[in-house]
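In case you want the letters, here they are:
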Amino acid sequence: GGADVVEMGLKKDDLKVASGGWEILSRNLDRIASLTMNMLAFSRPRHLDLEATSLGPLVKECKDLLSDYCEEHSIAMMIDVDPEMPPVPLDHNLMHQALMNLMSNAAEAVDPGDGVVSVRVRYHEPGPEHPKLPRPIVEITIIDNGPGIPKKKLNWIFEPFHTTKGLKGTGLGLAVTKRIVNDHHGRIRVESAEGKGSAFRVLI
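Calculation notes
Residues numbered from 1 in each chain as written. Predicted model: local features only at pLDDT ≥ 70, side-chain atom pairs only at ≥ 80, totals over all residues. Heavy atoms only, no water. Helix = DSSP H or I, 4+ residues; strand = E, 2+ residues; numbered from the N terminus. Expected span 1.5 Å × (residues − 1). Polar contact = N/O pair within 3.5 Å; in protein donor to acceptor, adjacent residues only side chain to side chain. Buried < 20%, exposed > 50% of the residue type's maximum accessible area, 1.4 Å probe, protein only. Pairing = 2+ DSSP bridges. Axes fitted to C-alpha atoms, helices over the stretch in contact; angles between N-to-C directions. Parallel < 35°, antiparallel > 145°, perpendicular 65-115°, else oblique. Left-handed = near helix turned anticlockwise from the far one by under 90°. Contact = heavy atoms within 4.5 Å. Nonpolar A, V, L, I, M, F, W, Y, C, P; charged D, E, K, R; others polar. Core = buried A, V, L, I, M, F, W, Y, C linked by side-chain atoms within 4.5 Å.

Undergrad: I tried to follow helix 5 (residues 92–109) on my own but got confused; where do I start?
TA: Residues spaced three or four apart along an α-helix point in a common direction, a consequence of the helix completing one turn every 3.6 residues. An ideal rise of 1.5 Å per residue puts 26 Å on 18 residues; helix 5 measures up with 26 Å between its terminal C-alpha atoms. Measuring from the backbone nitrogen of Asn93 back to the side-chain oxygen at the start of helix 5 gives 3.3 Å, which picks out Asp91 as the cap.

Undergrad: How should the environment of Glu72 be read in this particular structure?
TA: Here Glu72 shows up in helix 4 (residues 67–72). Taking the C-alpha atoms as reference points, Glu72 and Gly113, 41 residues apart in sequence, are found 9.5 Å from one another.

Undergrad: Can you walk me through the pairing of strand 5 (residues 137–144) in this structure?
TA: Of all eight residues making up strand 5, seven are buried, and the element is well covered by its neighbours. As judged from the eight bridges shared by strand 4 (residues 116–124) and strand 5, these two strands associate in the antiparallel manner. Across the sheet, Val121 pairs through a bridge with Ile140, a residue of strand 5. The sheet contact formed by strand 5 and strand 7 (residues 198–203) spans six bridges and is antiparallel. Within strand 7, the residue paired with Glu139 across the bridge is Leu203.

Undergrad: Explain the packing of helix 3 (residues 55–65) against helix 5 to me, please; I cannot follow it from the model alone.
TA: How two helices pack is summed up by the angle between their axes together with the distance between the axes. Where helix 3 contacts helix 5, the two axes come as close as 10 Å, and the packing angle between them is 50 degrees. It follows that helix 3 is oblique to helix 5 by the angle criterion. Two packed elements cross with a definite hand, and for helix 3 against helix 5 that hand is right-handed. Contacts between helix 3 and helix 5 involve Leu58, Val59, Glu61, Cys62, Lys63 and Leu65 from the first element and His92, Met95, His96, Leu99, Met100 and Met103 from the second. Across the contact of helix 3 with helix 5, the residue classes tally to eight nonpolar, two polar and two charged.

Undergrad: Whenever I open this one, the nonpolar core confuses me. Can you help?
TA: Soluble globular proteins: nonpolar side chains tend toward being buried together. Residues Leu55, Leu99, Met103, Val117, Ile140, Ile142 and Phe200 are the most contacted members of the largest nonpolar core, which totals 39 residues. Put simply, the parts of the chain that give this core at least two residues each are helix 3, strand 3 (88–91), helix 5, strand 4, strand 5, helix 7 (173–183) and strand 7. Looking at which element gives the most residues to this core, the answer is helix 5, with nine residues. Look past the residues within four positions of Phe200 in its chain and what remains in contact with it is Leu102, Ile140, Thr141, Ile142, Ile149, Ile157, Phe158, Leu174, Ile188, Arg189 and Val190.

Undergrad: Help me out: how do you make sense of unusual backbone geometry in this one?
TA: A negative phi holds for most residues other than glycine; trans holds for most peptide bonds. Phi at Asp13 is positive, roughly 55 degrees, even though this residue is not glycine. Structurally, Asp13 can be placed in the loop between helix 1 (2–11) and helix 2 (15–43). Under the relative-accessibility criterion, Asp13 is labelled exposed at 68%. A positive phi angle, near 55 degrees, is found at Ser74, a position not held by glycine. Along the polypeptide, Ser74 turns up in the loop between helix 4 and strand 2 (76–81).

Undergrad: In this structure, what is going on with the pairing of strand 7? I would like to understand it.
TA: Regular strands place side chains that alternate from one sheet face to the opposite one. Burial analysis of strand 7 places six of its six residues in the buried class, which makes it a mostly covered element. Judged from the six bridges that link them, strand 6 (residues 187–192) and strand 7 form a sheet pairing that is antiparallel. Across the sheet, Val190 pairs through a bridge with Phe200, a residue of strand 7. Linkage of strand 6 to strand 7, two consecutive antiparallel strands, is achieved through a turn of five residues, within which Gly195 is found at a positive phi near 85 degrees.

Below is the structure:
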């Protein structure tokens, strides 16, 4: 549809019409790219390409990619990353995909105008404060003040092709995210209640 509007504007030599069509086209190309990456990640196993990754810049990159959506819908997205966290061995591209899935889900879940999404990243080392930790752990928490997830849907929220978004969702985003986290020998948890928002916690 966006491409048709662009073509119509170009034929009429009307850049205003073409510009409006390009906005539609650009936005949906991003959605197609995201869907394609999720389909690829879901359909085939991938070997992790681990590299020392600073999570602060990675989370900020995801936030920047969502900035237009958040601005358009008046959504506040806040980032809180432990400044003393060292780089950790992650597959940068896969973790970027997992974080984009979680952060975009949170942004789409909240109400325009008063929606708030918080992304908190912490690094825990074995020691007096965490005596039971066998090794260092990275904790990434994405919190939103949306409507929450019904209790009956929590049991299958990470199953492929199940979605709480109706026709707007593919049901692959969270399934792919869980696979990526599992491939990093981590785990993902969700805490939610209707009317009280949701919190997705990734531990690696």
